[in-house]
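Read off the chains here:
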Amino acid sequence: QVQLVESGGGLVQPGGSLRLSCAASGFAFSTYTMSWYRQAPGKERELVAAITSTGGSTNYVDSVKGRFTISRDNAKNTVYLQMNSLKPEDTAVYYCNAHRVAGRLTYDYWGQGTQVTVSS
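Before going into details, it helps to say that this report is about the structure given with it. Model, not experiment: these values are computed from the prediction.

1. What about the overall build of the chain?
What the chain contains, in helices and strands, is zero helices and eleven strands. Taking contacts inside the chain between residues at least 6 apart in sequence as the whole, the part at least 24 apart equals 53%. As displayed, the chain offers around 6300 Å² of accessible surface, 47% of which is attributable to carbon and sulfur atoms. One finds the centroid of the 11 positive side-chain charges in the chain at a distance of 5 Å from the centroid of its 8 negative side-chain charges.

2. Quick look at the state of the cysteines
Tallied over the entire structure, the rule returns one disulfide. Through a disulfide, C22 is tied to C96; the S-S separation comes to 2.1 Å. On the sign convention where negative means left-handed, the S-S torsion of about -80 degrees between C22 and C96 marks this disulfide as left-handed. Here C96 lies in strand β9 (residues 92-102) and C22 lies in strand β3 (residues 18-25), a separation of 74 residues in the sequence.

Each value, and the rule that gives it
Residues numbered from 1 in each chain as written. Predicted model: local features only at pLDDT ≥ 70, side-chain atom pairs only at ≥ 80, totals over all residues. Heavy atoms only, no water. Helix = DSSP H or I, 4+ residues; strand = E, 2+ residues; numbered from the N terminus. Contact = heavy atoms within 4.5 Å. Areas by Shrake-Rupley, 256 points an atom, 1.4 Å probe, with all protein chains shown as cover. Lys, Arg positive; Asp, Glu negative; His and termini not counted. Charge placed at Lys NZ, Arg CZ, Asp CG, Glu CD. Disulfide = S-S within 2.5 Å.

Functional significance is not addressed by these values, which are geometric in nature.
This is the structure in structure tokens:
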């Protein structure tokens, strides 16, 4: 049974930090690209950060570059998102995603999401 379980969300003041974790099970974690998406009320879900299966490459949406860092530990089947210098516009539900293409097959798994609220 595939599971992605996010944790670490919460309420933080502007300028503060949070570290999100996503624990994976039920699939070959180390072969998947892992990503964090977010969705704010009334907005479409957007890709925030992604990391390749080996961790050798990352990319970020422009609005979080220099503030957020994605990382993974394949031994622990976990992906992280370190969020620093948080802004009110970072408020959203953050989702973990696992993605893999194998030939003509595409695999996509999602977590249930964790709420991040940045407010004074």
